[in-house]
Structures are given as C-alpha cells and as structure tokens.
Amino acid sequence: MKLPFLWVSLVLILLLSFGWGSRSAATSAPTINLETLRWADLPPIQTSAFYPVDTGLSEQVGYSLDKQIQAGDRLTDIFTLGDMANTGIADLSPLQIASLAQLDLQDIALSTFSHFTQQSLGSLAEALPTINSLPLTDIPPLADLVTSQINEGIQDVLSDNLGTLLNNPAIAQLPLTQIPNLSTFSVADIPSLAETSLKAFTGWQGIPLKDIPGLDLIPLADLGILSPSAIATLDIVWGAGESNATFQPISGSTKVGFRYPCQQERCAYIELSDQKHRGDRWIKGGDSETGGQMVPGGSGLLGQAFGSLEPTGRMLGSEFKLILMDTDETAGTAEFGLSTRFCQKGLLDLGCTPFIFGPWSLFHAKEKDGIFLGFDNQQALPNPQVSVPDSVQAQLQAAQAQYGDAVSPDDNDDDCLQKILQTLPPAQRSGVASRLPSLLEQAETLNLTESQTAYAIAYLLSHHSTSMQTMIPELKQFITATKVDFFGVGTALNLPSEQTITLAHKASDYQAALKDCFFGGSCGGGKMQRPSKGVVTSEMGNRLHPIYGTWRLHAGIDVSAGMGSSILAADCGMATYVGWESGYGNVVILKHQNNLFTRYAHMTTQKINQNQTVKKGQLIGLEGSTGGSTGAHLHFEVRDGDRFGSPLNPRNYVNF
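Residues numbered from 1 in each chain as written. Predicted model: local features only at pLDDT ≥ 70, side-chain atom pairs only at ≥ 80, totals over all residues. Heavy atoms only, no water.

### A few points about the overall build of the protein chain
In terms of helices and strands, the protein chain carries 19 helices and 27 strands. By sequence separation, contacts in the protein chain at least 24 residues apart represent 70% of the contacts at least 6 residues apart. With the model as given, the accessible surface of the protein chain reaches about 28,800 Å², and the carbon-plus-sulfur share is 50%. (Helix = DSSP H or I, 4+ residues; strand = E, 2+ residues; numbered from the N terminus. Contact = heavy atoms within 4.5 Å. Areas by Shrake-Rupley, 256 points an atom, 1.4 Å probe, with all protein chains shown as cover.)

Structure below.
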C-alpha cells in the first residue's frame, strides 16, 4: 500500500526538479504598452533643475534654449516646437494633430492654440495668405476683431477683402488676443487654418508643446519618436556593491557605443538570460553614489552647452533613451524610465543635447520578467515619421486644391512657375501664382503626365471649386501618353465648344512651359551629372563597415572633395526630405521625374529647404562628416521608387 505513495512522491520530486511550479524565462511582458504610450501618460518630474544656455546659441535659432524645470513639470511643459523641429512635429497641422489624438476640431477653441493667439492680424495673413482675398464677412472671428476696433464706416470695411484692410498698419498690427469672445470660435472658423502646418506661423519655435491641444494625447510611436523594441528576460538584479559590471556590458550612448563598461568603483546592473543575450549586463544610469553611471553624450554645440554627459542606457527611439533607474538586489526588482533630448539639425547644425531630461519612470520588473531591450545601434532605429491616416491626407489635399498656397512671383525662382506665368497677361499673374505651386505639387503626387498636368492647371486656375482629384478619371481617359482628345475632355467637363478650344490653347501653352521642368518632361534625358568633383573613395557593394565593424551592404558611392566642398543635384527634382537621418547625418533626398530618388549624406550644411524644386547642378549642400562617418565625404545613393527603395548602382546613372 505504500508503493503508490512512493511513486507519487518520486514523480513530484522529478517534476519540481524540471521546473514545474517555477516561472519560465520572460513569462510576463512589461506592464506598459509602448505602441500606445503618450506624453500625457508619463509622470511629472520629481526634482527641479535649471540649464542656462549661451545666449549666442539662442540667438542663432531664434528662441530661448534655456530650460527651467520645476518639480511637477511634464515633458510638454519643458520642450517647445523648436526643440522638436527635427522630428517633424512642427510640420503637422491642427487637422493632423486632431486626427491622431482622436479629437474634433469643432470642439477646440481658437483661444487654446498659442500659435494662433500670439499672432497679429498681419502675421496671420502671412501664414494663411489665401485669406487675403476673402471679404472680412467670410471670416467671423476676424470681422469681430476689426469691428470692435473701428467705429466709423464699418459697413464699408466689412465689404473689403482682408488684403486691402491690411494696407492700414493699425489694422495689420491688431493682436488676435483682442478678438471678442475668442473662446467661442473654433479652428474651423478660420479658412485654411486647420490645414496649415504649425511652423508656418511667426514665433512657432518658442511655443511649448503643452500649448498645442491634443499633442500630448498622440501615441509617441505614431509621432515616430518612440520605437517599440524587442523583449528580453531579466535574469538577476545586482546592487551597487558588485564589481562584475565590466563583463558583457550592453548600455552606453550614441557617442561611446553601447558596449561601455563600468568606469567607476561600483556599478549596479541587471543581467539578462535570453539565449542571444545570456550574461549581458545592463548598467544602471545616473548618480554614481547609488551605483549609477554617467557616460559621454550629446553632440555639437548643444552637447557642450548641456554638459556632454548623460545616464548610460539604451535607445528607445530617435528622441528617447531607456534608462535602468534603480535596482533592489534584495527584492530582485528593477525600475526603468525614459530620458530624452532635443536637437537642432537643419540649415543650422548645433547638434543634440545629451539625454538628460528625465528620467520618467516607465515600468518596474522583477527577476524572470520580460523587459524592453531597446536598441544599441542607431541604424536599427526606425526612421522618425509621423503616421497620419490616409483619410486625413486626403482632406489636406482637398484643402490645398481649394485654397492653394500663395507665392510671390518676385520671390519664387521655380522654373515651371515662372515659365507658366510668362504665358499670362501681367494682370493675371498674381492670382495664378497663389494657386499654381499647390496644383503642380498635386499633379506630381498623382503621377500625372505632362499633358494631363497642363490640362489640369488650365482648367483649375479658372474653376476654384473643383479639385484635381475629381478630374483625374476624365484626364486619364482622354489624355494619354500618345494623344489628346480635347473635345472628349471638354464634354467630360461639361464645357461648350468655344471654352473647350480655349482650354486646349491654354493647355498647349502650359505644356510647352512644362516641357523641361520636373513635373512631366525629362530634365537630364535619363543621365545624371556628378554630384561632386571629388575622387571616389568607396564603391557600392558589401563591405566591412568602418565604424560598426559589421559586414553589410554599402548602398552607394563615396566621393571625397574635402570639408565644405560643394554638393550638386545630380538631376532636377524635388527635395522630399531635408534633415537628419540616423547613420547618414545631415541629408538631402531628391525625387526625380522617372521615380528615382537620390540621397546625399554626411553634409555639414544643407543649402535647400524641404519641398523645394531644384535644378540639375544646383548647389544643395556642403560636404561634411556628420552621422556615421570617419571623415569628410559625400555618400551618394540612387534608389528606385522610394527614399528607402531598392538601392541601384550610381554608376549606371552618373559617369564618375
């Protein structure tokens, strides 16, 4: 009778010895969801700090870089739109922000938008040039503002368009804060305001993020500045009394790498147990007295201005670093948080601050829990890109078709625009110039041919209520690559015969003007010119990366002419991106009419703006050594169909 009991006991002992009842590795994921994490979800800062910055740097960027942090502040209290300029957030419009935050613009008062309330009537008209042609009665908030300040002849004033009124300096200087009952109006009450990017307004750089309604409610992953990472297993938690943290370190900074060992007497750390990371040690960041470690960080003048040191950790996006904040060896627990930075990388490259803002507690974990691993290679980080729904993009395109973008013909040297304007009587050029850039951009986005583009602008410049999207079926049916059935187009557009003939004549004039421009027509006949006069120092192909030590594809050709040497556009096109890319440093990316993209990397300075149309051979930047570079050179790529499309051998397009 004792035998079954002995067998049961033996089975239980064997099961326990094989781990039944014990937790397997990474049985639980972190309690925070990085895909939905918002600025509003991060707790307030616990301690105050002040970071004074050389006023010369502030003067260069046009707003104060000083950071006064009070206990209880959130990140949106500290940072401004200028601080986030490199992330693309300032390029968003109120419509895009409301969509990402799942808000209704009709419910958001004008008084809550600082980028609106800090304007004068004149500066608002500069940001929204299309409202200049509207009668004041069509813009109720502005009508209330003007009528509250003018007592005589008010009826005559209301019938004037805004542009005429602004010839009076006293009216142009009226502050929008004086609009009566400002809080009763919404963003939708100002034509084109909802569709205009935040950076179109005077003083946008200094606006705190907290003053942009809805911004703190958008998931940081949707903004492209925080990247969900793989999950690893926390095996053992060690306190500050340990001394083995120099073995297999996986924390550090972008400046010294992420294999940076403990550089002091004591470092607290955690040890991982996954097969790929078994034995890896993640060192605590921060105060050395509690076992934390500070490492060199930041870059450029901003790096120096903010102390050039940051807590050791691992990257968790373009603007966030994951920090091991605390360890409790007795309890076997660890606390993780986020630190952040800001950069100034554009035509003026001041570098980046260290990751010193924070840390904000993110989650706690205990031994055998899963933790976010983060990234130890900037090249592995997803490229920052705001994820805006297609439906919102369609709304923006429709608004652009309705309102257009005002451009002064005296200030715009775009060949296509100028050539078309020359076909018109002088009295008509101002009105055409206000809509033409937007129409050309839409035609390029919709992949219209040269003839289709010519007919579209010929019709739409005199029919403001029609959008280009509604014309596409008719255009593509009657205007092909080989012929134009202009009577068919006229019938589809419900035009009488005389207007159909007039449209055809205008389209013919416009097509001739477009012949050698980017939108339709070939600029370089399929052959590009050399982007640099320097010598080729590295060909396209697989090679051992000189910095990262890994065998990988070198997706372009390196050309060296010396620091500060000219970099030229290999062909005419549009600058679809001008900014910073991890690894590439300062870049310019051009899109060309044959759906090819060229990338010009490691620049010290970019000489053009995003969305600018450029000529073949135009100066677009100066040679430098930014990003993952061992010396001054131009890294030149040709890609198919997209800026991240398949890399093509540049020698097939350029005679180096």
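### Brief notes about the sheet that holds strand β9 (residues 320-328)
With respect to topology, four strands assemble into an open sheet ordered β8-β9-β10-β13, the strand pairing being antiparallel. Each of the sheet's edge strands pairs with one partner strand only, and the pair in question is β8 (314-315) and β13 (357-366). Here β9 runs beside strand β10 (residues 333-340); their pairing, made up of eight bridges, is antiparallel. Each residue of the ladder has a partner; that of T327, found in β10, is A334. (Pairing = 2+ DSSP bridges.)

### Description of the nonpolar core
Core analysis: the biggest nonpolar cluster contains 60 residues, and W39, I270, F336, L338, F357 and I371 have the highest contact counts within it. At five residues, β13 tops the list of elements feeding residues into this core. Residues in contact with L338, not counting those within four places in the same chain, are L37, L42, L226, L316, F320, K321, L322, F357, G358, P359, W360 and L362. (Core = buried A, V, L, I, M, F, W, Y, C linked by side-chain atoms within 4.5 Å. Buried < 20%, exposed > 50% of the residue type's maximum accessible area, 1.4 Å probe, protein only.)

### Some remarks on the sheet that holds strand β3 (residues 231-238)
Read from one edge of the open sheet, four strands run β5-β4-β3-β14, paired in antiparallel fashion. Every interior strand has two partners, whereas the edge strands, β5 (281-283) and β14 (370-372), have only one. Strand after strand, the sheet turns through a mean of 50 degrees between neighbouring axes, direction not considered. (Axes fitted to C-alpha atoms, helices over the stretch in contact; angles between N-to-C directions.)

### Details of unusual backbone geometry
Trans peptide bonds make up the majority, and among non-glycine residues the majority have a negative phi. Here the amide bond leading from G358 into P359 is cis, since omega sits at 0 degrees, within 30 degrees of zero. Phi at Q248 takes a positive value of approximately 55 degrees, unusual for a residue other than glycine. Take Q248: it is sitting in the loop between β3 and β4 (269-272). Its identity as a non-glycine residue notwithstanding, N494 has a phi of 60 degrees, on the positive side. Tracing the sequence through the fold places N494 in the loop between α18 (486-492) and α19 (497-514).

### Let's talk about the pattern of salt bridges
Tallied over the full model, the rule gives 17 salt bridges. The residue D83 makes a salt bridge to K67 at a minimum N-O spacing of 2.5 Å. Here K67 lies in strand β2 (residues 67-69) and D83 lies in the loop between α3 (75-78) and α4 (94-101), a separation of 16 residues in the sequence. For D83, a relative accessible area of 2% gives the class buried. Owing to a relative accessible area of 2%, K67 belongs among the buried residues under this scheme. In this structure, the salt-bridge partner of E539 is R651, at a minimum N-O distance of 2.7 Å. With a gap of 112 residues between them, E539 in the loop between β15 (535-538) and β16 (541-544) and R651 in the segment after β27 (646-648) connect regions that are remote in the sequence. Connected through salt bridges with shared partners, the residues E581, R599, E637, R639 and R643 form a single ionic network. (Salt bridge = Lys/Arg side-chain N within 4 Å of Asp/Glu carboxyl O.)

### A few points about the confidence of the model for the protein chain
For the protein chain, per-residue confidence averages 79 on the pLDDT scale, and residues scoring 70 or more make up 79% of the total. Within the protein chain, the element-level pLDDT minimum falls on helix α1 (residues 2-17), averaging 46, and the maximum on strand β7 (residues 309-311), averaging 95. Low pLDDT (under 50) marks residues 403-413, which in the prediction has 29 contacts with non-local residues, meaning those over four places away or in another chain. Within the model, pLDDT remains below 50 along residues 518-522, and this stretch shows 25 contacts once partners closer than five positions in the same chain are excluded. (pLDDT = per-residue confidence, 0-100.)

### Remarks on the side chain of S123
Mapped onto the elements, S123 comes out in helix α6 (residues 121-127). Engagement of the side chain of S123 in a polar contact is seen with the backbone nitrogen of S120, the distance being 2.9 Å. (Polar contact = N/O pair within 3.5 Å; in protein donor to acceptor, adjacent residues only side chain to side chain.)

### Quick notes on the state of the cysteines
Here a disulfide denotes one covalent bond, and it connects the sulfur atoms of two cysteines. A complete count under the given rule lists two disulfides for this structure. What pairs with C262 in a disulfide is C267, and their sulfur atoms sit 2.1 Å apart. Taking the torsion about the S-S bond as the criterion, the C262 to C267 disulfide, at about 85 degrees, is right-handed. Across the pair, exposure class does not vary: C262 and C267 are buried alike. (Disulfide = S-S within 2.5 Å.)

### Some words on the environment of G72
By the element assignment, G72 lies in the loop between β2 and α3. In this structure G72 comes out as partly exposed when scored by relative accessible area, which is 42%. In sequence terms G72 and S48 are 24 residues apart; their C-alpha atoms lie 8.4 Å from each other. Those residues in contact with G72 that sit more than four places away from it in its chain are P44 and I45.

### Focus on helix α16 (residues 450-460)
α16 sits mainly inside the fold: eleven of its eleven residues count as buried. The complete set of buried residues in α16 reads E450, S451, Q452, T453, A454, Y455, A456, I457, A458, Y459 and L460.

### Describing the packing of aromatic side chains
Taken as a whole and judged by the stated rule, the model has twelve aromatic pairs. Their ring planes at 80 degrees and their centres at 5.2 Å tell us that F79 and F357 sit as a pair that is edge-to-face. Note that F79 is positioned in the loop between α3 and α4 and F357 in strand β13, a separation of 278 residues in sequence. Residue F79 shares its accessibility class with F357, and that shared class is buried. Ring centres of F363 and F372 lie 5.6 Å apart, and the angle between their planes is 85 degrees; on these two criteria the pair is classed as edge-to-face. The class of F372 is buried, set by a relative accessible area of 7%. Three or more aromatic residues joined by ring pairs make a cluster, and in this case those are Y51, F79, F306, F342 and F357. One residue, R314, lies across the ring of W282, its end atom 5.9 Å from the ring centre. Positioned above the aromatic ring of Y584, the side-chain terminus of R599 is 4.5 Å from the ring centre. (Phe/Tyr/Trp six-rings, centres within 6.5 Å; stacked < 30°, edge-to-face > 60°. Lys NZ or Arg CZ within 6 Å of the ring centre and 35° of its normal.)

### Remarks on α4
Counted residue by residue, α4 has seven buried out of eight residues, so it is predominantly covered. What α4 keeps buried is the set P94, L95, Q96, I97, A98, L100 and A101. Trailing α4 by a residue or two, Q102 shows a phi angle of about 60 degrees, which is positive.

### Observations concerning the side chain of T353
Note on placement: T353 falls in the loop between β12 (351-352) and β13. On the basis of relative accessibility, which here comes to 1%, the residue T353 falls in the buried class. Filtering out sequence-adjacent residues up to four positions away, T353 remains in contact with G298, L302, G303, F306, R341 and F342.

### Some details on the pairing of β10
For β10, a buried count of seven out of eight residues is recorded, marking the element as mostly surrounded by other parts of the structure. Linking β9 to β10, which pair antiparallel, is a turn of four residues; within it G332 sits at a positive phi near 70 degrees. As defined by bridge partners, β10 adjoins β13 across seven bridges and the pair is classed as antiparallel. Bridged to A334 within β13 is A365.

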